[in-house]
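Take a look at the letters that make up each chain.
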Amino acid sequence: MIDTEEALPGRQTPLSVPELHFVSGHRIQPPFPDGLRTLVVGMGCFWGAERVFWQADGVYSTAVGYAGGPTPNPSYEEVCSGLTGHTEAVLVVFDSAKIALDGVLKLFWENHDPTQGMRQGNDVGTQYRSAVYYADDAQRAATDASRDAYQRALTDARRGDITTEIAPLTHFYYAEDYHQQYLAKVPNGYCGLGGTGVSCPIGTGVESAAAEG
């Protein structure tokens with residue numbers, strides 16, 4: 001990881017992004033309808049990762065961007081240089097009455113390999129690291145509980161240790177227009193996602209138990 005003092009300076013002006021989701025037609029930037037929740041995750045290349053979530057029942061909207069590093073409003077090229085500290089990330093906007101947080105986390109764990117450190121498959125670099133950036137203490141507790149449950153399943157399957165970064169969300173910087181819902185615009189485009197094949201054994205009780213603990 002790049003030291004903060006060595007990170008690229010970025011820019012003060014946000015990148016230009018569309019107002020509406022290419023697939024659903026819903027907003028991809030706040031304000032969102034009342035009652036919706038958000039979670040930011042990193043699963044490697046954000047093109048395929050975003051598609052996982054926009055296809056899920058209960059997900060209102062998605063967007064791709066950059067999170068986890070100090071550089072403000074970075075470009076894609078800057079993030080890919082490894083000099084911003086960001087990982088490619090997906091903003092998931094969901095209706096918890098239709099899909100609980102643990103359901104979102106189950107999609108996260110099962111649709112990539114969280115044991116690979118600074119890579120996903122052939123995509124190598126800090127920008128491809130696995131990450132969850134939580135919005136509050138309840139999300140942190142639920143994420144920790146789901147990680148522990150999935151680690152037990154991975155260990156039983158003789159897989160490695162989870163390397164996922166779990167940290168509070170400081171900023172989510174939207175990626176450029178052409179990256180948003182990329183695989184809907186380019187259906188045969190690159191998708192580097194590859195899961196472990198191990199099911200994540202979390203259910204509706206995990207989130208509430210974690211919050212209480």
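Residues numbered from 1 in each chain as written. Predicted model: local features only at pLDDT ≥ 70, side-chain atom pairs only at ≥ 80, totals over all residues. Heavy atoms only, no water.

The next subject is the pattern of salt bridges. On inspection of all chains with the given rule, the structure shows nine salt bridges. One salt bridge connects E78 with R11, and the closest N-O pair in it is separated by 2.9 Å. Here E78 is found in helix α2 (residues 76–80), whereas its partner R11 is found in the segment before β1 (36–43), with 67 residues between them in sequence. The shortest N-O distance in the salt bridge between K185 and D177 comes to 3.6 Å. Exposure remark for D177: the relative accessible area of 38% places this residue in the partly exposed category. Here the salt bridges do not stand alone but share partners, grouping R140, D144, R147 and D148 into one network. (Salt bridge = Lys/Arg side-chain N within 4 Å of Asp/Glu carboxyl O. Helix = DSSP H or I, 4+ residues; strand = E, 2+ residues; numbered from the N terminus. Buried < 20%, exposed > 50% of the residue type's maximum accessible area, 1.4 Å probe, protein only.)

In the predicted model, the protein carries a mean pLDDT of 94, and 94% of its residues have values of at least 70. Predicted confidence for residues 204–213 stays below pLDDT 50, and this span has 14 contacts to residues more than four positions away or in other chains. (pLDDT = per-residue confidence, 0-100. Contact = heavy atoms within 4.5 Å.)

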